[in-house]
Amino acid sequence: MDLNEFLRRADALEASARTLVASLQPGTRLDDAKGRLNAVAAEEVAALRAALRTLPPEDRPAAGQAFNRLSQALTRVVENYAASLRSANSGVGATDLSMPARTQWRGARHPVTMVIDEIAGIFRELGFTIALGPEAETAWYNFGALNFPPDHPAMELHDTLYLRDDVLLRTHTSPVQVRTLQSYRPPVRVLIPGNVYRRDFFDATHAPAFAQLEGLAVDEGISFVDLKATLAEFARRFYGGTRRVRFGPSYFPFTEPSAQMDVGVGLQDGRGLRWVEIMGCGLVHPAVLESAGLDSERYTGWAFGMGPARIAMSRHDINDIRLLYDSDVRFLEQFTS
Ligand code: PHE
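Residues numbered from 1 in each chain as written. Predicted model: local features only at pLDDT ≥ 70, side-chain atom pairs only at ≥ 80, totals over all residues. Heavy atoms only, no water.

## Things to note about the overall build of the protein chain
Across its full length, the protein chain holds 11 helices and 10 strands. Computed over its C-alpha atoms, the radius of gyration of the protein chain comes to 34 Å, more than 25% above the 20 Å expected for a compact globule of 337 residues. Considering the protein chain as a whole, with its 337 residues, one finds that 41% of them fall into the buried category. Put simply, of all contacts in the protein chain between residues at least 6 apart along the chain, 67% involve residues at least 24 apart. With the model as given, the accessible surface of the protein chain reaches about 18,800 Å², and the carbon-plus-sulfur share is 52%. (Helix = DSSP H or I, 4+ residues; strand = E, 2+ residues; numbered from the N terminus. Rg over C-alpha atoms; globule rule 2.2 N^0.38 Å. Buried < 20%, exposed > 50% of the residue type's maximum accessible area, 1.4 Å probe, protein only. Contact = heavy atoms within 4.5 Å. Areas by Shrake-Rupley, 256 points an atom, 1.4 Å probe, with all protein chains shown as cover.)

Written out as structure tokens, the structure reads:
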């Protein structure tokens, strides 16, 4: 093919594209129109593109420009047709075929649920099973059995949501420790996910209802070494081996000694490192084992409780817990996987 033939064929193709679109049945759908155009033009466009490479070098600039004009012209032919469809359909009573379809929402897991599922997967590998308990709980399971002294401030109305005198919305998942130990003899290794309730204002760092994940291991001869080794192994699997963790002293009425586990976030070089507390933990207080009817001379155990929302927040750099708990789809859909 020489330059003249190239230019002639490019012009001819543009002309036949216009003719084809002009002769379409009124109302032909855009996709169909594109298909028809493609059937006529694809082969010829390919032939011209191939010829660009075989033309003598001095003819290539002119041919290249003609080829570009042709592709633009073909695009414009389609755009014009789409525009004509839109205006033809914009009259009263007409169906607007260009109107976007109604969005189909696809369900997805919540970022807090993803954290819970991941952690549950790790503890399953470590030999834990899932245990559940009621959200409406008695004061005895929520406090008394867990060795809270009778006048403990957490029991007061401004912290706890009472349903009746003696029935409340559980403020933590720890009552399920006692329920589990009443139903199953040691060795016990359970992970307890669940929602808990506190009489807090809904602000950047507090939610009146939020998820907790509790862990409990009770057997003969369990010591703090088991707690530390298991939780460090959990952190290694959850965060990867490079993340630093540390344990520090803490206090809970139902564990003795009590500790907290922090993970380092940010730069791990020591300068940008921040410590975020991800759980409270400790050896199960003998009084708790006795509440469940176990012999605390024979059995020992360890437990932890963590807030998966906090973990999701540090994972995704979210600085306001309300984002996780007020169910705004525009926020949540970022996490669909
Ligand atoms: N129940 C404690 C809380 O809600 C967490 C915890 C659980 C601490 C188990 C130690 C052991 O803060």
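## Quick look at the site of the ligand
The ligand sits among 14 residues. The nearest are His-172, Ser-174, Arg-198, Gln-212 and Gly-305. Contact distances for the ligand include 3.0 Å between a nitrogen atom and a side-chain N or O atom of Ser-174. One of the side-chain N or O atoms of Arg-198 is found 3.1 Å from an oxygen atom in the ligand. Protein chains bury 90% of the 320 Å² of accessible surface belonging to the ligand in isolation. Ranked by residue count, the leading element in the shell around the ligand is strand 10 (residues 299–306), at 3 residues. Looking at side-chain class alone, the shell around the ligand contains 5 nonpolar, 7 polar and 2 charged residues. (Near = heavy atom within 4 Å. Polar contact = N/O pair within 3.5 Å; in protein donor to acceptor, adjacent residues only side chain to side chain. Nonpolar A, V, L, I, M, F, W, Y, C, P; charged D, E, K, R; others polar.)

## Thoughts on the environment of Val-178
As for its position among the elements, Val-178 is in helix 6 (residues 175–183). With 111 residues separating them in the primary sequence, Val-178 and Phe-67 have C-alpha atoms 79 Å apart.

## A look at the pairing of strand 8 (residues 255–265)
Burial analysis of strand 8 places 9 of its 11 residues in the buried class, the great majority of the element. Taken together, the 7 bridges between strand 7 (residues 245–252) and strand 8 define a ladder with antiparallel strand orientation. Paired with Val-245 across the two strands is Val-263, which belongs to strand 8. Connecting strand 7 to the antiparallel partner strand 8 that follows it, the hairpin turn spans 2 residues. The sheet contact formed by strand 8 and strand 9 (residues 274–284) spans 9 bridges and is antiparallel. Residue pairing in the sheet places Ser-258 in a bridge with Gly-282 of strand 9. (Pairing = 2+ DSSP bridges.)

## A short note on the pattern of salt bridges
Going through the model one piece at a time under the given rule, you end up with 15 salt bridges. As a salt-bridge pair, Glu-44 and Arg-9 come within 2.8 Å of each other at their nearest N and O atoms. Here Glu-44, found in helix 2 (residues 30–54), pairs with Arg-9, found in helix 1 (residues 3–22); they are 35 residues apart in sequence, far enough to count as distant. Across the salt bridge formed by Asp-117 and Arg-109, the nearest N and O atoms sit 2.8 Å from each other. Relative accessible area serves as the criterion here: at 35%, Asp-117 is assigned to the partly exposed category. (Salt bridge = Lys/Arg side-chain N within 4 Å of Asp/Glu carboxyl O.)

What is shown is where atoms sit, not what they do.
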